[in-house]
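Listed here are the chains, written in short residue letters.
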Amino acid sequence: MQKYIVRRVAQALPTLLGITLIVYSIMLLAPGDPVSLLAFDPTIRQDERERLANQLGVNDPFLLQYLRWLIGDDWMMVDTNFDSEVDSWGDNYGILRGDFGKSFKFRGSNPLTLIGERLGATIELNIAVLLVGLSGGISIGVLAAVYRGRFFDKFTRIFAVIGDSVPAFWLGLLAIVFFGLILPRLLEPYGIGTGRPILPMGGRCPPVRGGCPPLFERIHYLILPTLVSSLGVIAVWSRLMRASMLETINSDYIRTARAKGLSDRSVWVKHGLRNAILPFTVFLGPTFVGLIGGSVIIERIFTWPGVGLLLLDGLVSRDYPIIMASVVIGSVLTVIGYLISDILYALSDPRIRF
Amino acid sequence: MEPLERGVSLRMRKSDEGFRPSQSLWGRAMSRLRRDRPTLAAMFTIALLAVLAALAPLIGDLFGVDPYTQDLRKKYLEVGAPGHPLGTDELGRDHLSRLLYGGQISLGIAFAAAILSLCIGVAVGAFAGFYGGLVDDFILWFITTLNSIPGLFLLIIITAVLSPSPPAMVLVFAIIGWTGTTRLVRAETYSLKQREYVIAARAMGASNLRLMFIHIVPNIFSLLIIGLSQAMVGLILAESALSFIGFGIQAPIPTWGNMLNNALDYMRRAPHLMVLPGLLISLTVFCIYLIGDGLRDAFDPKTAD
């Protein structure tokens, strides 16, 4: 088992390298060179521009530029005064040591610090979505399998297909209109509420000085984004669990368990569910990955101050260090997600031997 | 599915006991589809949407509207307003016309990108599965890497670099979207190339290219059709999501996604601007989803008739 884990981690390394290569290549094609972005001031002389270009290494061959970005240039001498001779040490540590350069928009901040400040919000939302989505999806799927062919089963299957077709961004808008406009207006005549939105329509906490209050005081901010985002998860997982449960329940050992005279409840829960839960480990990774990508959208709708929103801000202001850092961090999280999912799968299924 | 030469097919004579007309995979799939009402209805709806989108200029002429003419005296008209059956937007542009032209772009991009990525996926997958070894390792590494960058992130940074015109978007989606098909084709090619009929063809002197694209790929065609419908679902959702966050096709060209993005600011004044594009996206995805399910059942040899 340990051997498998080591091998699986080792496999992730070339993937991570490839990710940085792809991201760097794409960003190199971006319009507007860093020199004109940094030296926007027209009074800067041409020779100073050239010196800056040399310092930034924009005239170097691609591979050298990529290496400097990846592992930094403090180990090599660079030419700073454009006399074709190297004369001082570089001051860039490279992304492997956490140096993604300096943010253009947030003057000089380290992109990783900015992401670190936002990561908490993204993780908070996604944990809530996972909790609601998985518990909802699994219980609906199991119940649908137990009541196969009955009304509950048919109803939830239609719901699952619809839940899969409705994009989260539209659902989010509908939710905002419903909870923010329609529902308060409907409830007002009955003396419930004041015609103002019942739930907060966006944001993570009330605008107060000095950070957010503790989670239990602002949980109502989580309700709408979590509901909207978890609907897709519920739809996928209810179908998965239903199929998996039906497959398990038709197998021989279940018949044996029934023949022994075990109660229905014991058969379904102890024999059925325990085995049917296996795909849980396989699909946990993809679900997690889907949430990372989807966080951009859900954060945009509900102005949730997470990494997705930071990435969008970075794109609008062409803040390349922020963009690259967010994409690389998002990809690293994805790789880790797949890794954990694979290892969990290997751990949970005793039939897999290494 | 091993193809028998026509001359030697084991067709029984009508007088034989237990006669059943022999049916090809495709013939059986078609006869199943003809009886599958939900799938037929979904196909009809998609066809209708496509035809309406294609006829957008004609329909525009019928009502005397086009998607770009602004009329600031007729802003935020409701559904059913005279001259504008589905109302107008914040600049007084006709909503019906914009929805139809948006459909042209959204459906067109999804369809073109699905076909293109299918072609790339089949070619790369066939090569990887057929040759194996280093070629296969490299392609697998590339696919894993590409799939490890969250899809939307990758799309966003590419469109931030390219200026997203519709043809560029097709290219971008195809470049990103081929990996699923490649995996499928690679696995199938790997198993099919060891079948006797492929070995026989090789013994008769068929070239590798001929083996791949004449003997192997046609045998996984049914899988590819199912894959195509799944790809379409993903592409329509991705395109509209990208346009929705403002990085897809740019205004004034309408797409369902950027119309939704636009409607975000006018939700209170004109909710219909938000409801209709989203409804069309959901309807399209729902129908293609049903078609994919129907096709899978129709081609599945395990389903009983």
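The rules behind each value
Residues numbered from 1 in each chain as written. Chains lettered and ligands numbered in written order. Predicted model: local features only at pLDDT ≥ 70, side-chain atom pairs only at ≥ 80, totals over all residues. Heavy atoms only, no water. Helix = DSSP H or I, 4+ residues; strand = E, 2+ residues; numbered from the N terminus. Buried < 20%, exposed > 50% of the residue type's maximum accessible area, 1.4 Å probe, protein only. Contact = heavy atoms within 4.5 Å. Areas by Shrake-Rupley, 256 points an atom, 1.4 Å probe, with all protein chains shown as cover. Axes fitted to C-alpha atoms, helices over the stretch in contact; angles between N-to-C directions. Left-handed = near helix turned anticlockwise from the far one by under 90°. Nonpolar A, V, L, I, M, F, W, Y, C, P; charged D, E, K, R; others polar. 1 Å grid on protein atoms, 1.4 Å probe; cavity = no way out; pocket = protein on both sides within 12 Å on 5 of 7 lines; lining within 4 Å. Points joined across faces, edges and corners; volume = space filled by probe spheres on them. Phe/Tyr/Trp six-rings, centres within 6.5 Å; stacked < 30°, edge-to-face > 60°. Core = buried A, V, L, I, M, F, W, Y, C linked by side-chain atoms within 4.5 Å. Salt bridge = Lys/Arg side-chain N within 4 Å of Asp/Glu carboxyl O. Polar contact = N/O pair within 3.5 Å; in protein donor to acceptor, adjacent residues only side chain to side chain. Buried area = accessible area lost by both parts, 1.4 Å probe. Bend = angle between axes of the 7 residues up to and from the residue. pLDDT = per-residue confidence, 0-100.

## Digging into the overall build of chain A
- Of the regular secondary structure elements, chain A holds 13 helices and 2 strands.
- Here chain A, with 354 residues, has 45% of them falling under the buried criterion.

## Brief notes about the overall build of chain B
- Within chain B, the regular secondary structure consists of 13 helices and 0 strands.
- Each helix and strand of chain B, ordered N terminal to C terminal, gives the series α-α-α-α-α-α-α-α-α-α-α-α-α.
- Dimensions of chain B along its principal axes, counting C-alpha atoms only, are 75 × 55 × 30 Å.
- Expressed as a percentage of the 305 residues in chain B, the buried residues total 48%.
- For chain B, contacts bridging at least 24 residues in sequence account for 71% of all contacts bridging at least 6.
- For chain B, the computed accessible surface area is about 15300 Å², with 64% contributed by carbon and sulfur atoms.

## Remarks on the packing of helix 7 (residues 168-187) of chain A against helix 8 (residues 220-249) of chain A
All names here are of chain A.
- Taken N-terminus to C-terminus, the directions of helix 7 and helix 8 make an angle of 145 degrees; their axes are 9 Å apart at the nearest point. Regarding helix 7 and helix 8, the two cross each other, and that crossing is right-handed. Here Ala168, Leu171, Gly172, Ala175 and Phe179 of helix 7 come into contact with helix 8, specifically with Leu224, Val228 and Leu231.
- Along the lines of polarity and charge, the residues of the contact of helix 7 with helix 8 split into 7 nonpolar, 1 polar and no charged.

## Considerations on empty space enclosed by the protein
All names here are of chain A.
- For the structure on display, the rule yields 1 cavity of 30 Å³ or more.
- Considering only enclosed or pocket space, the largest cavity measures out at about 40 Å³ in volume.
- Contributing to the lining of the largest cavity are Ile140, Gly141, Ala144, Thr156, Arg157, Ala160, Ser238, Arg239 and Arg242.
- Classifying every residue of the lining of the largest cavity by side-chain character gives 3 nonpolar, 3 polar and 3 charged.

## Observations concerning the packing of aromatic side chains
- Scanning the model with the defined rule gives 14 aromatic pairs over all chains in all.
- One aromatic cluster is present, formed by Phe127(B), Phe130(B), Tyr131(B) and Phe213(B) through successive ring pairs.

## Details of the nonpolar core
- One finds Phe169(A), Leu152(B), Ile156(B), Phe173(B), Phe244(B) and Ile245(B) to be the most contacted residues of the largest nonpolar core, which totals 154 residues.
- Apart from the residues within four sequence positions on either side, Phe173(B) is in contact with Ile109(B), Ala113(B), Leu155(B), Leu235(B), Ala238(B), Glu239(B) and Leu242(B).

## Some points on the pattern of salt bridges
Residue and element names in this part refer to chain A.
- Taken as a whole and assessed by the stated rule, the structure comprises 8 salt bridges over all chains.
- Across the pair arginine 239 and aspartate 164 runs a salt bridge whose closest N-O atoms are separated by 3.0 Å. Taken together, the residues arginine 239 in helix 8 and aspartate 164 in helix 6 (residues 151-165) connect sequence positions 75 residues apart.
- As a salt-bridge pair, arginine 255 and aspartate 252 come within 3.3 Å of each other at their nearest N and O atoms.

## Details of the side chain of Asp136(B)
Residues and elements named next belong to chain B.
- Among the secondary structure elements, aspartate 136 is positioned in helix 5 (residues 133-148).
- On the basis of relative accessible area, aspartate 136 is assigned to the buried category, the value being 12%.
- Within the structure, aspartate 136 has its side chain in polar contact with the side chain of arginine 186 (distance 2.6 Å).
- With residues up to four places along the chain from it excluded, the contact list for aspartate 136 reads Ala128 and Arg186.

## Side note on the interface of chain B and chain A
- Listed as interface residues are 37 residues of chain B and, on the opposing side, 43 residues of chain A.
- Around 3600 Å² of area is buried between chain B and chain A when both sides are counted, 81% of it from carbon and sulfur atoms.
- A per-residue breakdown of the area chain B buries against chain A is headed by Phe153(B), Ile157(B) and Val161(B), which together make up 18% of the total.
- Put simply, chain B and chain A have 0 salt bridges between them.
- Scanning the region where chain B abuts chain A turns up 5 residue pairs in polar contact (both at pLDDT 80 or more).
- Where the side of chain B that touches chain A is concerned, the elements lending two or more residues are helix 5, helix 6 (151-161), helix 11 (221-244), helix 12 (256-263) and helix 13 (272-299) of chain B.
- No other element matches the 9 residues that helix 13 of chain B contributes to the side of chain B that touches chain A.
- When its residues are assigned to classes, the side of chain B that touches chain A shows 28 nonpolar, 8 polar and 1 charged.

## Section: unusual backbone geometry
- For Thr303(A), which is not glycine, the phi torsion reads 35 degrees and is therefore positive.
- If you trace the backbone, Thr303(A) turns up in the loop between helix 11 (279-301) and helix 12 (307-316).

## Structural notes on the environment of Met169(B)
All names here are of chain B.
- Tracing the chain through its elements places methionine 169 in helix 7 (residues 166-177).
- Given a relative accessible area of 0%, methionine 169 falls into the buried group.
- Setting aside residues no more than four positions away along its own chain, methionine 169 makes contact with Ile109, Thr159, Pro164, Leu242, Gly248 and Ile249.

## Section: the side chain of Ser31(B)
All names here are of chain B.
- Tracing the sequence through the fold places serine 31 in helix 1 (residues 25-35).
- Residue classification places serine 31 among the buried positions, given a relative accessible area of 17%.
- Of note is the side chain of serine 31, whose polar atom sits 3.0 Å from the backbone oxygen of arginine 28.

## Digging into helix 7 of chain A
- Roughly 35 degrees is the biggest bend found in helix 7 of chain A, and it falls at Phe178(A).
- Those residues of helix 7 of chain A not exposed but buried are Phe169(A), Trp170(A), Gly172(A), Leu173(A), Ala175(A), Ile176(A), Val177(A), Gly180(A), Leu181(A), Leu183(A) and Pro184(A).
- In this structure, the buried residues of helix 7 of chain A make contact with helix 8 and helix 11 of chain A together with helix 11, helix 12 and helix 13 of chain B.

## Some words on helix 10 (residues 264-276) of chain A
- All of the buried residues along helix 10 of chain A are Ser266(A), Val267(A), Trp268(A), Gly272(A) and Ala276(A).
- For helix 10 of chain A, the elements touching its buried residues are helix 5 (111-146), helix 8, helix 9 (252-259) and helix 11 of chain A.

## Some remarks on the environment of Pro67(B)
Residues and elements named next belong to chain B.
- Secondary-structure assignment places proline 67 in the loop between helix 3 (56-63) and helix 4 (95-131).
- The exposure class assigned to proline 67 is buried, which follows from its relative accessible area of 2%.
- Between the C-alpha atom of proline 67 and that of glycine 278, which follows or precedes it by 211 residues, the distance is 18 Å.
- Proline 67 has contacts with Arg93, Ser97, Arg98 and Tyr101, leaving out every residue within four places of it along the chain.

## With respect to the confidence of the model for chain B
Residues and elements named next belong to chain B.
- Looking at chain B as a whole, the pLDDT averages 83, with 91% of positions reaching at least 70.
- In this model, residues 4-9 is a region of pLDDT below 50 whose contacts with residues beyond four sequence positions or in other chains number 0 contacts.
- Both scores are given for the predicted complex: the pTM is 0.84, the ipTM 0.82.

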